[in-house]
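Listed here are the chains, written in short residue letters.
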Amino acid sequence: MSEAAPKRTSSSLAFTVLRRCALLLLLAGAPDAVAWAQATVHPAATSDTQATTASGHRFIVPKDWTLTQRGRAAILRAPEGDSWIALVETDAGNAKDAISQAWQNYADRLPPEPLMTVPLANGDGWVDGLNQVYRTPAGEPRQLTARALRNGDRWVVRIDDLANAVAGKRAADLSLIRDELLPAGHVRESFAGRQAHALDAAKIEQLKAFIRQSQQALDVPGISIGLVQGGKVVYAGGFGVREAGHAEPVDADTLYLIASNTKSLTTLMLAKLVDEGRFRWDTPVTELMPAFALADAQATRQMQVRHLPCACAGLPYRNLDWEFAPPDSPASLVFNILPRMRPTSAFGASYQYTNPPAAAAGYVGAHALYPDMEIGAAYDRAMATRVFEPLGMTRTTFDFDRAMRGNYARSHGVGLDGRIALVDPRRDRQMHAVRPTGGAWSSVNDLLAYVKLELSGGKLDDGRRHLSESALGERWKPHISTGRHSWYGLGLDTDVSTGTVMRFHGGRLYGQRSNMVWWPEHDVGLVILMNASTGNVLMDAFPRKLMELLFDAEPEADSMVAAATANERESREARRRAWDFPVKPEQAAVLASRYRNDLLGELRVENTGGNPVFHFAAFDMPMAARVNANGAVEFAGAIPSPPPPFVAGTSSTGRTLTLRDAQNEYVFMEVE
């Protein structure tokens, strides 16, 4: 339920709205209802609006959010009405006391017991930050965190009290609030008008030293990097090994599963086909594939080619449908998932990163080129002839069997015991059915060829034009905002917050991380590939380190890695503390032996030897367990990079296991 903001000035209407808000908040449990009713509530913002805290710290109220100011607290309420972000100023002597004071101001109570307390990186005028993550009461699907940031002698605490569905739907709004919270008088660093320094031998050595130090701190077995400047590769190489505990090194030709960086390559193929006149960016999808359908008929009719990879069509994140699909599922799986997807916001209203439509983009485009071929084979052929072969990307492939021979990086994550371990390769293979959105294996050398094409505006190394700058550049345009100074195009991100254009795309899949970044005004770019989830921060910290050397930027990269290292260490400990492994007999006793979900298939539970193992069509995993505040038993995979937990329950027909991501719920029902 959500409350509409008062639109008239009638005092009786305003009082009624405030009273109803107070009741809603009292039922929700946050923030304090009585104090809220005594506060100043501003009308919902009709556009992104600049606001300030009591001390003049600047922040943005996103469009349609409501701002309530109560003393030294500014509380932003999401349009859905069940989610809040509070910005609370305190004069506490340290970060923990600041968080405690902020909770009392926000909700008139002490903070919950934190699951994790970790430092934050310095940046944008804030220092000595601390982040607390809490376990939500009764296992509610919510996110509850508090971040204390210091500027001078005063702290600002940001409390996030968000329903998972809202957090998944409003990622851009949350980034706007987070990124645009700036200290009073702070002038954000800008590189506008600066010339980038040459990446000489000394600077490259500094970057290599940064990678080595970060690799050791973050426990990443293998990292490969590459740098281009002025149309030339100035460095390409590897650090570490393909598999933890083995000697084979990674290098610039090592294949990594690049995950969502595949999207940028897919939209490059689409741009080439636009150039060839096969279709237009605004061609209706049903014109190219009449059977294409979403759960909403109007959205189906509205969908153009450009809408599939733009994260701008209001379609929610939805991965579990293919993550749990049977092995070797065909490409047609994507078009079985799409009819289950219904927009949760209007076209162009909200950035919602989602994979099945982006996968469909590649398949629909390839079908227009090769209509008589199976759509997966058509896509593979289109990518080979329009992208890989012209650019000389000789090692890049969608063939998992080919990729996973010889010089390739194994996927690593953190096991329940806190140690680096291999990710079950069967989970990686599930990406093949949706490969246009994230299933390419590639190397630093191959991806540098792609980055050079982007920097050259569509020209190959020999000067020949591969595609027009207009078709290429359509992918760079702002199709949906991701922040005040950033946007998402067609499989590409752009950020101009530093006063110079930075284009990029990242990739995350189980135990693999990757990023491609380039600065077109300075003809500089980078690629970084890693074979462990623990290297996540380097997707941002390595580009930041490069900016420090290119533009004499403020030193922040080392702080980012230090904070991430502490976070990683504490998260491992928190996971060990939170889950019982082996599972206690009374916990395992709530499980049935077989379940089924109509979308995700069958789940068999094997409980021999005193510890349950969940078996799916795609993979299997031993389980850990814990008991929620409401008494429900929750099960999580005792494997590296597990899927979301399963909550045990009952229905009128038997026992259930419920699996949730941000905006979707899947209930496995007991079967005989």
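So, here's what we can say about the structure. These numbers come from a predicted model, not from an experiment. (Residues numbered from 1 in each chain as written. Predicted model: local features only at pLDDT ≥ 70, side-chain atom pairs only at ≥ 80, totals over all residues. Heavy atoms only, no water.)

**Here's the deal with the overall build of the protein**
Part 1 of the reasoning: Each helix and strand in the protein was counted, giving 20 helices and 30 strands.
Part 2 of the reasoning: Radius of gyration (C-alpha) of the protein: 25 Å, near the 26 Å computed for a compact globule of 672 residues.
Part 3 of the reasoning: The principal-axis extent of the C-alpha atoms belonging to the protein is close to 70 × 70 × 55 Å.
Part 4 of the reasoning: Here the protein holds 672 residues, and 58% of them are scored as buried.
Part 5 of the reasoning: Counting only contacts in the protein whose residues sit at least 6 apart along the sequence, the fraction spanning at least 24 positions is 61%.
Part 6 of the reasoning: Approximately 26100 Å² of the protein is accessible, and the part contributed by carbon and sulfur atoms is 49%. (Helix = DSSP H or I, 4+ residues; strand = E, 2+ residues; numbered from the N terminus. Rg over C-alpha atoms; globule rule 2.2 N^0.38 Å. Buried < 20%, exposed > 50% of the residue type's maximum accessible area, 1.4 Å probe, protein only. Contact = heavy atoms within 4.5 Å. Areas by Shrake-Rupley, 256 points an atom, 1.4 Å probe, with all protein chains shown as cover.)

**Quick look at the sheet that holds strand β11 (residues 222-229)**
Part 1 of the reasoning: What the eight strands build is an open sheet, ordered β12-β11-β22-β21-β20-β19-β18-β17; its pairing is antiparallel. For this open sheet the edge positions go to β12 (232-240) and β17 (480-483), each flanked by a neighbour on one side alone. If you compare each strand with its neighbour and ignore which way they point, the axes differ by 20 degrees on average.
Part 2 of the reasoning: As judged from the seven bridges shared by β11 and strand β22 (residues 524-530), these two strands associate in the antiparallel manner. Note that in β22 the partner of V228 across the bridge is G525.
Part 3 of the reasoning: Most of the contacts of helix α6 (residues 201-218) go to β12, to which it runs at about 25 degrees, and overall it touches β11, β12 and β22.
Part 4 of the reasoning: Contacts from helix α18 (residues 538-551) reach β11, β20 (502-509), β21 (512-519) and β22, with the element oriented near 150 degrees to β22. (Pairing = 2+ DSSP bridges. Axes fitted to C-alpha atoms, helices over the stretch in contact; angles between N-to-C directions.)

**Some points on helix α12 (residues 356-369)**
Part 1 of the reasoning: With 14 residues, α12 ought to run about 20 Å at 1.5 Å a step, and its terminal C-alpha atoms sit 20 Å apart, in line with that.
Part 2 of the reasoning: Extensive coverage of α12 is indicated by the burial of 13 of its 14 residues. (Expected span 1.5 Å × (residues − 1).)

**Considering the pattern of salt bridges**
Part 1 of the reasoning: One pass over the structure, following the stated rule, counts 45 salt bridges.
Part 2 of the reasoning: A salt bridge links D321 to R318, with the shortest nitrogen-to-oxygen separation between them at 2.9 Å.
Part 3 of the reasoning: By relative accessible area, R318 is classed as buried at 8%.
Part 4 of the reasoning: Between D461 and K452 there is a salt bridge; the shortest N-O distance is 3.0 Å. (Salt bridge = Lys/Arg side-chain N within 4 Å of Asp/Glu carboxyl O.)

**Section: the environment of L603**
Part 1 of the reasoning: Along the chain, the position of L603 falls in strand β24 (residues 601-606).
Part 2 of the reasoning: Counting along the chain gives 68 residues from L603 to V671, while the straight-line C-alpha distance between them is 9.7 Å.
Part 3 of the reasoning: Excluding its chain neighbours within four sequence positions, the residues that come into contact with L603 are S593, R594, Y595, F614, H615, F616, L657 and F668.

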